[in-house]
Amino acid sequence: MGKLRVANLRYLSREDFRVLTAIEMGMKNHELVPGPLVAQIANVRAGGVHKMLRELCKHRLCAYERGKHYDGYRLTNMGYDYLALKVLASRDVVGSVGSQIGVGKESDIYVVADNLGNPMCMKLHRLGRTSFRKLKEKRDYHKHRSRVSWLYLSRLSATKEFAYMKALHDRGFPVPRPVDYSRHCVIMELVKGYPLCNVHEVEDVPQLYSDLMDLIVKLANHGVIHSDFNEFNIMIDESAKPIVIDFPQMVSTSHENARMYFNRDVKCIQDFFRRKFGYESELHPDFDTDIEKEYSLDTEVSASGYSREIKEFDDNYREDKVDEQLEDEDSENDSETEEEEESEIQEKIPDEEVSEMKQSVDTLCKDLKEDTNIKNLCQEEEEDDTEVAEEGVCPPEEQVIDNSDIQSTKSGRHSRKKKTRDVNDEARLALVKQLAKAREVRQQAEKKGEEVPSLDDLIDDSMSDICSMLSFSTTASTIPPEEVKRRMAKDLDKRDKRQISKKNLRVKGEANAYRRIKKQNEDTIKDSSGWDDY
């Protein structure tokens, strides 16, 4: 990896940093960035990009390599350090860089100062060292990717650590105060203390043991687990209080291995106190009984183990719960109002006319069943359902229909059935209201001395309204066959495009490494021919 030498930082020009930034941008989709691409991205007015690249390679800020398919440039760790320091210097965060105070398996620690001379701590993440290369087993930075640059993984690690540190510091946890970050570099407060592994004597060992165990439980109550809570990541300040450092490996309490990480942190503290201070205690926290979640810090910082699917499930669960409560309240209110209306109408109708109303209702039901319009509508609905079923059941080679369409068809049938039930209830309520109105009309005719119409004649006049309500509930909607054909053709085109094998792209011209090697071999054979004659 090499040491950080910042002496050349002051001599680099603005164009040099543009070239380094161009290499960084090209490495997003190139393992080695070709020289013409660097020149195109940098777009330096004065030109001479190749001369700048040669100087940068001389100072080991970038490297030129010959690959299997093409040649190009890649950014080194020192060049990445220079880009991060340039940004922090432009923000007036870092004014000078001091000596190295710590080396870890995945980071380097330096003392820095701002423009006013206030000391701070700078942590440079160095993922990709020989001591820390099994990253897929330890972290989830790759996600769906198969290969990622070590520089980009270092950047992800620094971003996560700064997010964890800021969230914990805002909630009063004993962690260093975060200042700023850029790329793989994190600037934080310089802790005035010593690592716990270098401390030989402590005034109150049981109190320190209790503070550390309480800190583990407090982190778990906020939804996160440190996962590397040992004597190397705990600082003891001047007042003998612990301060926790190193957070990239933190996981959520919803992680599948959360209990194992929690118990490992507890065991690390127990083993250290027994080995270092000869102190053993039977009191230790338990993951199942001592954790009471107070705040979802893992949701806020997107900790490992708390995936997007779990978050979406929780949000949908809460929304569904609220919707169900609102629907229950609305249904209760509607049922209460319907019962009140029916009771009021039934109170107005005397017992003498109940039998006559029942007979009229029976006759109406028979007429509705025999009505040809209703039968035709029901037959049309059944035909539509059979057509949808025939269109939906087809082999995958011939038709491809989205699941969303099938789900929408099923939901449409369910909504039509529900609407039919609701409209039928409304029709019954309307029929009772019509009976009450017919009774009032008959009473008014008796008072005026006019001819009293029969109850069946009055109810037959309201048949059109009730039949219209029932016919409205039998309407159905299906997917047009043209839309189904269009979606089928679109999906088949996509499938054909996927099956087409991709041609191997090879760089042509002088940049082709195969052509260059073949030419060199031909020259070697030509020069070595005729040796057997001597």
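Look up: the structure comes first, before these words.
All values derive from a computational prediction rather than experimental measurement.

Q: I'd love a proper account of the sheet that holds strand β11 (residues 242-244), names of residues and values included.
A: The 3 strands lie next to each other as β8-β10-β11, forming an open sheet whose pairing is antiparallel. Strand pairing shows two members of the sheet lacking a second neighbour, β8 (193-195) and β11, which therefore form its edges. Averaged over all neighbouring strand pairs, the angle between strand axes comes to 35°, with direction disregarded. Relative to strand β10 (residues 234-237), β8 runs antiparallel, the two sharing 3 bridges. What sits directly across from Gly 193, in β10, is Asp 237.

Q: Mind laying out the sheet that holds strand β3 (residues 96-103), listing which residues take part and the relevant values?
A: Reading across from one edge, β3-β4-β5-β7-β6 is the order of the 5 strands in this open sheet, with antiparallel pairing throughout. The outermost strands of the open sheet, each flanked by one partner alone, are β3 and β6 (178-182). Adjacent strand axes in the sheet meet at a mean angle of 25° when their direction is disregarded. By the bridge criterion, 7 bridges tie strand β4 (residues 107-113) to strand β5 (residues 119-125) in an arrangement that is antiparallel.

Q: Which residues make up the state of the cysteines, and what values do they have?
A: Within the structure shown, the criterion is met by 0 disulfides. With no disulfide partner, Cys 57 has as its closest neighbouring cysteine sulfur the one in Cys 62, 3.5 Å distant. Judged by relative accessible area, which is 24%, Cys 57 ranks as partly exposed. The buried category is assigned to Cys 62, whose relative accessible area is 2%.

Q: I'd love a proper account of the pattern of salt bridges, names of residues and values included.
A: Scanning the model with the defined rule gives 16 salt bridges in all. Notably, a salt bridge pairs Arg 155 with Glu 24, separated by 3.6 Å at the nearest N-O pair. With Arg 155 in helix α6 (residues 150-170) and Glu 24 in helix α1 (residues 14-26), the pair connects residues that are 131 residues apart, well separated along the chain. The exposure class assigned to Arg 155 is partly exposed, which follows from its relative accessible area of 35%. Measuring nitrogen to oxygen at the nearest pair gives 2.8 Å for the salt bridge that ties Arg 259 to Asp 288. Residue Arg 259 is located in helix α8 (residues 258-276), and its partner Asp 288 is located in the loop between α8 and α9 (297-301); the two are separated by 29 residues in the primary sequence. Because the salt bridges share partners, they merge into one network encompassing Glu 24, Arg 155 and Arg 183.

Q: I'd like a rundown of the pairing of β5, residues and numbers included.
A: Most of β5 is tucked away: 6 of the 7 residues are buried. Pairing geometry for β5 and strand β7 (residues 185-189), over 5 bridges, is antiparallel. Bridging from a neighbouring strand, Cys 121 pairs with Met 188 of β7.

Q: With reference to specific residues and values, describe the nonpolar core.
A: Leu 168, Leu 212, Phe 229, Phe 247, Phe 262, Ile 269 and Phe 273 are the most contacted members of the largest nonpolar core, which has 45 residues in total. Looking at this core, the elements with two or more residues in it are α6, β7, α7 (205-221), β9 (224-225), β10, α8 and α9. With 9 residues, α7 is the single largest residue contributor to this core. Residue contacts for Phe 229: discarding those within four places in its chain leaves Leu 212, Leu 215, Ile 216, Ile 234, Val 244, Asp 265, Cys 268 and Ile 269.

Q: Pulling in residues and values, what's your account of the pairing of β4?
A: Extensive coverage of β4 is indicated by the burial of 6 of its 7 residues. Sheet topology places β3 next to β4; 5 bridges connect them, and they run antiparallel. Looking at the pairing, Val 97 lines up with Val 112 of β4. Counted between consecutive antiparallel strands, the loop separating β3 from β4 contains 3 residues. Where β4 folds back on β5, the antiparallel hairpin that results is connected by 5 residues, among which Gly 117 adopts a positive phi of roughly 90°.

Q: Account for the packing of α1 against helix α2 (residues 35-42), naming residues and giving values.
A: At a minimum axis separation of 8 Å, α1 and α2 run at an interaxial angle of 115°. For the pair α1 and α2, the sense of crossing is right-handed. Contacts from Arg 18, Val 19, Ala 22, Ile 23, Met 25 and Gly 26 in α1 reach Val 38, Ile 41 and Ala 42 in α2. Across the contact of α1 with α2, the residue classes tally to 7 nonpolar, 1 polar and 1 charged.

Q: A description of α8 should follow, citing residues and the corresponding values.
A: Compared with an ideal rise of 1.5 Å per residue, which puts 19 residues at 27 Å, α8 spans 27 Å between its outermost C-alpha atoms and is within 8% of the ideal. Where α8 is concerned, the buried positions are Ala 258, Tyr 261, Phe 262, Asp 265, Val 266, Ile 269, Gln 270, Asp 271, Phe 272 and Phe 273. Tucked into the core, α8 has its buried residues touching α7, β9, β10 and β12 (251-252). A positive backbone phi angle near 65° is found at Gly 278, which sits one or two residues after α8.

Q: Explain unusual backbone geometry residue by residue, including any values.
A: Not every positive phi belongs to a glycine, and Asp 92 is a case in point at roughly 60°. Along the chain, Asp 92 turns up in the loop between α4 (77-90) and β3. Even without being glycine, Ala 240 reaches a positive phi, approximately 65°. Structurally, Ala 240 is set in the loop between β10 and β11.

Q: Can you explain the packing of aromatic side chains? Please cite residues and give values.
A: If you walk through the whole model with that rule in mind, you get 9 aromatic pairs. Ring geometry for Phe 273 versus Phe 277: centroids 5.5 Å apart, planes at 55°, classification tilted. Plain terms: the ring middles of Phe 273 and Tyr 279 are 6.5 Å apart, the flat faces sit at 65° to each other, and that makes the pair edge-to-face. Taking the relative accessible area as the measure of exposure, Tyr 279 reaches 23% and is therefore partly exposed. Among the aromatic residues, those joined into a ring-pair cluster are Tyr 209, Phe 272, Phe 273, Phe 277 and Tyr 279.

Rules and cut-offs
- Residues numbered from 1 in each chain as written.
- Predicted model: local features only at pLDDT ≥ 70, side-chain atom pairs only at ≥ 80, totals over all residues.
- Heavy atoms only, no water.
- Pairing = 2+ DSSP bridges.
- Helix = DSSP H or I, 4+ residues; strand = E, 2+ residues; numbered from the N terminus.
- Axes fitted to C-alpha atoms, helices over the stretch in contact; angles between N-to-C directions.
- Disulfide = S-S within 2.5 Å.
- Buried < 20%, exposed > 50% of the residue type's maximum accessible area, 1.4 Å probe, protein only.
- Salt bridge = Lys/Arg side-chain N within 4 Å of Asp/Glu carboxyl O.
- Core = buried A, V, L, I, M, F, W, Y, C linked by side-chain atoms within 4.5 Å.
- Contact = heavy atoms within 4.5 Å.
- Left-handed = near helix turned anticlockwise from the far one by under 90°.
- Nonpolar A, V, L, I, M, F, W, Y, C, P; charged D, E, K, R; others polar.
- Expected span 1.5 Å × (residues − 1).
- Phe/Tyr/Trp six-rings, centres within 6.5 Å; stacked < 30°, edge-to-face > 60°.

Honestly, that's just the spatial picture; any functional story needs more than this.
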